[in-house]
Amino acid sequence: MSTENLPQSPEQPSRKPRVAVVFGGRSSEHGISAVTAGAVLSAIDRSKYDVLPIGITREGRWVLTADEPERMAIADRRTPEVADLAESHEGGVVLPVDPGNREVVYSEPGSVPKALGEVDVVFPVLHGPYGEDGTLQGLLELSGVPYVGAGVLASAVGQDKEYMKRVFTSFGLKVGPYVVIRPREWAQDESAARRKIVDFAGEHGWPLFVKPARAGSSIGITKVDDLSGLDEAIAEAQSHDPKILIEAAVRGREIECGVLEFEDGPRASVPAEIPAPDTHAYYDFEAKYIDSTPGIVPAPLTDEETAEVRRLAVEAFDAASCEGLVRADFFLTEDGEFVINEINTMPGFTPISMYPQMWQATGVSYPELIDRLVQAALNRPTGLR
């Protein structure tokens, strides 16, 4: 039977892709994640995308937040809290768990759950454990929802500094000397674990940097100049992560480089240099975010050095099986060798953060950067790839 004379349904107008910006979280980097979310919400192209801000409180509750980026800024040297941004202190957001359904649901006690519509892509701007470490990425993979940035494996590797260094070493990238103290070692014999660190200092010298193995934004890190400060530094690192990492100081200039995935593969930005801050012992949390110690973009390097660090940044991106974006941090030693310190699979993303600044200097504006990341996520399947 011909259908030519049957009434035709009017064509539905195509809707804009819906981006859920997920931020906050249970890690010690909760506040910086909220600052990053504010910057992304301010810059994302609203004519091209519908946006749904979803916050995760420090307790792990998913909430709707007001779409008010101006409230997600550092004020009076304090970072914002998702609990203060939530539209309700009782309601919660539930992501889909069925790969065939991308509808987000909002519910409050005693009320009928309300469908908020489908989400086409998640932009997770969480930093640290319970968000940047593969946990959220695994949830999104199970849900079949595309997302910006690294997958489960790369996120986990990028979060755990020990295994990050092991991966880099296996690919021939040079890392600095380090030693790891696991929670079982510390619980079974504190004295032996402490001697392990002291022996490491005897071999490589002071100062040492004592770090949580799975944290970022320089939170929980202490520069230890001698034995007298060691116990306090260990306690500080363990308050953020029971597994700690101790690194020997690498003497050299701090150089960073951004990597961004393009249609033809990952490319590196012009590098930046992080000068030693005048008012801080090293480039710590306050120097980065509160006092906003400025980096030098582009870094004053030779053409050969610039080409080399850009090459190494892409190698690190590939070594950890990254996707989307990475900031790779290096030391340039006095003998002209680049030593990789770490990668960050979801780097600080405010307009004054080094990653957007490096891409701005390379010719990619902040709004274009966000657009590229969202489009790459929309074009990439979930699951094995």
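Description of the structure in this document.

Cut-offs used in this document
Residues numbered from 1 in each chain as written. Predicted model: local features only at pLDDT ≥ 70, side-chain atom pairs only at ≥ 80, totals over all residues. Heavy atoms only, no water. Helix = DSSP H or I, 4+ residues; strand = E, 2+ residues; numbered from the N terminus. Buried < 20%, exposed > 50% of the residue type's maximum accessible area, 1.4 Å probe, protein only. Contact = heavy atoms within 4.5 Å. Areas by Shrake-Rupley, 256 points an atom, 1.4 Å probe, with all protein chains shown as cover. Lys, Arg positive; Asp, Glu negative; His and termini not counted. Charge placed at Lys NZ, Arg CZ, Asp CG, Glu CD. Salt bridge = Lys/Arg side-chain N within 4 Å of Asp/Glu carboxyl O. 1 Å grid on protein atoms, 1.4 Å probe; cavity = no way out; pocket = protein on both sides within 12 Å on 5 of 7 lines; lining within 4 Å. Points joined across faces, edges and corners; volume = space filled by probe spheres on them. Nonpolar A, V, L, I, M, F, W, Y, C, P; charged D, E, K, R; others polar. Core = buried A, V, L, I, M, F, W, Y, C linked by side-chain atoms within 4.5 Å. Arc of directions from axis to C-beta. Polar contact = N/O pair within 3.5 Å; in protein donor to acceptor, adjacent residues only side chain to side chain.

Quick word on the overall build of the chain
No. 1: Of the regular secondary structure elements, the chain holds 12 helices and 16 strands.
No. 2: A principal-axis box enclosing the C-alpha atoms of the chain has dimensions of 85 × 55 × 40 Å.
No. 3: Buried positions account for 54% of the 385 residues belonging to the chain.
No. 4: A separation of at least 24 residues holds for 65% of the contacts in the chain among residues at least 6 apart in sequence.
No. 5: Summing over all exposed atoms, the chain offers an accessible surface of approximately 17,700 Å²; the carbon and sulfur share of this is 50%.
No. 6: One way to put it: in the chain the 36 positive side-chain charges average out to a point 2 Å from where the 60 negative ones average out.

Some thoughts on the pattern of salt bridges
No. 1: Following the criterion strictly, the structure yields 29 salt bridges and no others.
No. 2: A salt bridge links D50 to K16; the nearest nitrogen and oxygen atoms lie 3.5 Å apart. One end of the pair, D50, is in strand β2 (residues 50-56); the other, K16, is in the segment before β1 (18-24), with 34 residues separating them in the sequence.
No. 3: K16 sits in the partly exposed class, given a relative accessible area of 30%.
No. 4: Here R182 makes a salt bridge to E162, at a shortest N to O gap of 2.3 Å. Of this pair, R182 sits in the loop between β8 (178-181) and α6 (183-188) while E162 sits in helix α5 (residues 161-170); the two residues are 20 residues apart in sequence, bridging distant segments of the chain.
No. 5: With relative accessibility at 0%, the residue E162 sits in the buried group.
No. 6: Ionic contacts of the salt-bridge type, sharing partners, join the residues D160, E162, R166, R182 and K243 into one network.

Some thoughts on the layout of surface pockets
No. 1: Within this model, the second largest pocket holds a volume of roughly 230 Å³.
No. 2: Forming the walls of the second largest pocket are E261, F262, E263, D371, R372, Q375, A376, N379 and R380.
No. 3: Secondary-structure elements contributing two or more residues to the lining of the second largest pocket are β12 (252-262) and α12 (366-378).
No. 4: The biggest single contributor to the lining of the second largest pocket is α12, with 4 residues.
No. 5: Class assignment for the residues of the lining of the second largest pocket results in 2 nonpolar, 2 polar and 5 charged.

Points about the nonpolar core
No. 1: Counting 35 residues, the largest nonpolar core has V21, F123, F349 and I370 as the members making the most contacts within it.
No. 2: Among the elements of the structure, β1, α1 (30-43), α2 (82-85), β7 (121-124), β12, α11 (354-362) and α12 are those that each provide at least two residues to this core.
No. 3: Excluding its chain neighbours within four sequence positions, the residues that come into contact with F123 are V19, A20, V21, V22, V40, V148, M346, F349, I370, L373 and V374.
No. 4: C257, V314, C322 and A328 belong to the second largest nonpolar core, which has 29 residues in total.

What to know about α5
No. 1: Regarding α5, the residues found buried are K161, E162, M164, K165 and F168. Along the axis of α5, the buried positions cluster into a sector of 165°, meaning they face one direction only.
No. 2: Contact partners of the buried residues in α5: α4 (152-159), β8, β9 (208-212), β11 (244-248), α10 (303-319) and β16 (338-344).
No. 3: With a side-chain oxygen lying 3.1 Å from the backbone nitrogen of E162, the N-terminal cap of α5 falls on D160.
No. 4: One or two residues past the end of α5 sits G172, with phi positive at roughly 85°.

Some remarks on empty space enclosed by the protein
No. 1: The final tally for this structure, using the stated rule, is 2 cavities of 30 Å³ or more.
No. 2: Of the voids in this model, the largest cavity is the one considered here, and its volume is about 80 Å³.
No. 3: Lining the largest cavity, in full, are E29, G128, E132, G158, Q159, K161, M164, A215, G216, E342, I343 and N344.
No. 4: Elements with a minimum of two residues in the lining of the largest cavity: α4, α5 and β16.
No. 5: Broken down by element, the lining of the largest cavity gets its largest block of residues, 3 residues, from β16.
No. 6: In the lining of the largest cavity, the residues fall into 3 nonpolar, 5 polar and 4 charged.
No. 7: If you add up the space inside the second largest cavity, you get close to 60 Å³.

Nothing here speaks to function; it is geometry throughout.
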